[in-house]
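Understanding the architecture of this molecule
If you want the building blocks of each chain, they are given just below.
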Amino acid sequence: MESLRLLICLFLISFISFCLGAESDHLQHSNVKRLRPNRLFVFGDSYADTGNIRKSLSDSWKIPYGITFPQKPSGRFSDGRVATDFLARYLGIKSPIPYTWKNYAGKERLLYGMNYAYGGTGVFKTKDNPLPNMTTQIDYFQRVLTAGNIYSPSDLPSSIALVSVAGNDYASFLALKRPLTELPAFMKQVVDQIAVNAMRIHKLGVNKILIPSMQPLGCLPSVTVFTSFQRCNATDNTSTKLHNYLLHKAVARLNNETKPSTFVVLDHYNAFLTVFKNKGPEPGVMRFGNPLKPCCVGVNSNFDCSNVDEKGEKKYTICEDPKAAFFWDIFHPTEEGWRSVYSVLHKTLKDVWI
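In this report, we go over the structure that sits alongside the text. (Residues numbered from 1 in each chain as written. Predicted model: local features only at pLDDT ≥ 70, side-chain atom pairs only at ≥ 80, totals over all residues. Heavy atoms only, no water.)

Some details on the pairing of strand E1 (residues 39-43)
Within E1, five of the five residues are buried, leaving the element largely enclosed by the surrounding structure. Burial along E1 is two-sided: Arg39, Phe41 and Phe43 and Leu40 and Val42, pointing in opposite directions, are all buried. As paired elements, E1 and strand E4 (residues 159-163) share five bridges and run parallel to each other. In the sheet register, Leu40 faces E4, and the bridge partner there is Ile160. Pairing of E1 with strand E3 (residues 113-115) involves three bridges; the strand directions are parallel. When the bridges of E3 are listed, Leu40 appears paired with Gly113. (Buried < 20%, exposed > 50% of the residue type's maximum accessible area, 1.4 Å probe, protein only. Helix = DSSP H or I, 4+ residues; strand = E, 2+ residues; numbered from the N terminus. Pairing = 2+ DSSP bridges.)

What about the packing of helix H6 (residues 183-203) against helix H8 (residues 234-257)?
Describing two packed helices takes the angle between their axes plus the distance from one axis to the other. Two elements in contact, H6 and H8, have axes separated by 9 Å at closest approach and are oriented at 35°. The interaxial crossing formed by H6 with H8 has right-handed handedness. Judged by residue contacts, Met187, Lys188, Val190, Val191, Asp192, Ile194, Ala195, Ala198 and Met199 of H6 engage Ser239, Leu242, His243, Leu246, Leu247, Ala250, Arg253, Leu254 and Glu257 from H8. Of the residues that constitute the contact of H6 with H8, the class distribution is 12 nonpolar, two polar and four charged. (Axes fitted to C-alpha atoms, helices over the stretch in contact; angles between N-to-C directions. Left-handed = near helix turned anticlockwise from the far one by under 90°. Contact = heavy atoms within 4.5 Å. Nonpolar A, V, L, I, M, F, W, Y, C, P; charged D, E, K, R; others polar.)

A closer look at the pattern of salt bridges
Enumeration according to the criterion identifies 11 salt bridges in this entry. Arg39 is the partner of Asp155 in a salt bridge, and the nearest nitrogen-oxygen pair spans 3.8 Å. Residue Asp155 is located in the loop between helix H4 (134-147) and E4, and its partner Arg39 is located in strand E1; the two are separated by 116 residues in the primary sequence. What makes Asp155 buried here is its relative accessible area of 19%. On the accessibility criterion, Arg39 (7% relative accessible area) is buried. Two residues, Arg339 and Glu335, come together in a salt bridge whose shortest N-O distance is 2.9 Å. Taken together, the residues Arg339 and Glu335, both in helix H10 (residues 335-344) and four residues apart, mark about one turn of the helix. Taken together, the salt bridges that share partners define one network made up of Arg81, Glu335, Glu336 and Arg339. (Salt bridge = Lys/Arg side-chain N within 4 Å of Asp/Glu carboxyl O.)

What to know about the pairing of strand E5 (residues 208-212)
Counting buried positions along E5 gives five out of five residues, so the element sits mostly inside the fold. Residues Lys208, Leu210 and Pro212 of E5 are buried on one face, and the alternating residues Ile209 and Ile211, pointing to the opposite face, are buried as well. Bridge analysis of E4 against E5 gives three bridges, and the strand direction is parallel. Its bridge partner lying in E5, Ala161 is registered against Ile209. Where E5 and strand E6 (residues 263-266) come together, four bridges link them in parallel fashion. When the bridges of E6 are listed, Leu210 appears paired with Val264.

Points about H8
With 24 residues, H8 ought to run about 34 Å at 1.5 Å a step, and its terminal C-alpha atoms sit 35 Å apart, in line with that. Of all 24 residues making up H8, 17 are buried, and the element is well covered by its neighbours. Capping the start of H8, Asn233 holds a side-chain oxygen 3.1 Å from the backbone nitrogen of Thr235, two or three residues further along. (Expected span 1.5 Å × (residues − 1). Polar contact = N/O pair within 3.5 Å; in protein donor to acceptor, adjacent residues only side chain to side chain.)

Description of helix H9 (residues 268-277)
With respect to burial, H9 is a largely interior element, seven of its 10 residues being buried. Restricting attention to buried positions, one finds in H9 the residues His268, Tyr269, Ala271, Phe272, Leu273, Val275 and Phe276. Considering only its buried residues, H9 is in contact with E5, H8, E6 and H10.

This is how it looks when you write it as structure tokens:
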């Protein structure tokens, strides 16, 4: 595992060293002041999914997921609320209903938007995952708009979209054992497709598109487990910075094509690091004892959070207080982790639409 990361580092370092100084993961947005949006449309993966996957297909519908909110599994990949929920809260609206639940929701509930995100998916098709990638999710969105019985064209200018891409494409790239020499070009393909998707959503009528930068992949517990959750992997974070650099460049191009500027990079990368490094009282930001250590883990490397054996006996352990942990499992933040991230991003979000 470590040798693989070293190979990636050696290959990438000459390609990206020139851009890391310029890449600052700062927010890009228009100076034009806007009214606060009143509905949210969401596309992406498990960082944004609030229950689209069928219960039989996902651990997110198994105990102990949802133990904090709503005190039972709800299809969220966390002990409670996720990024979508906190973004909706800052908008002052209810969290948008998952697309697969739209026929069971009242019309008033649908007015807050719709969530098309599916956990485990990517910009492209990901390995061993039959769920809809982002292109298909936008197809679903377009189908709902075309039907015209839920949203009208006049609803969209006051809407906002979240386009979440948290790394499943890259996990699939490595799982398929593709040559490392193809990785930089693949990163560009991923980012270029994000740009295509974002522009498509805009052309459907949404006037503000939020695209989170990639969180520091080298700080995920699936990686830090190799150092007993003591430190992030610098090589993986270097690769993450390349993705984010390319994303900022792509968003700048998109904003040059639209007036007023409508595409915004939401700085997940530095927000995560700010929370990790918090050693004192910062309003709304929890101080985590060891932010890299997950709360829910398998009893050994053969098991994951929520796994049980053939007798139904738990093969995972949970920390004493999920609110004291930043990460819930080896990939996903806890509700308290997400709350802290979006507390860091609060001023950024306020600047976007006020």
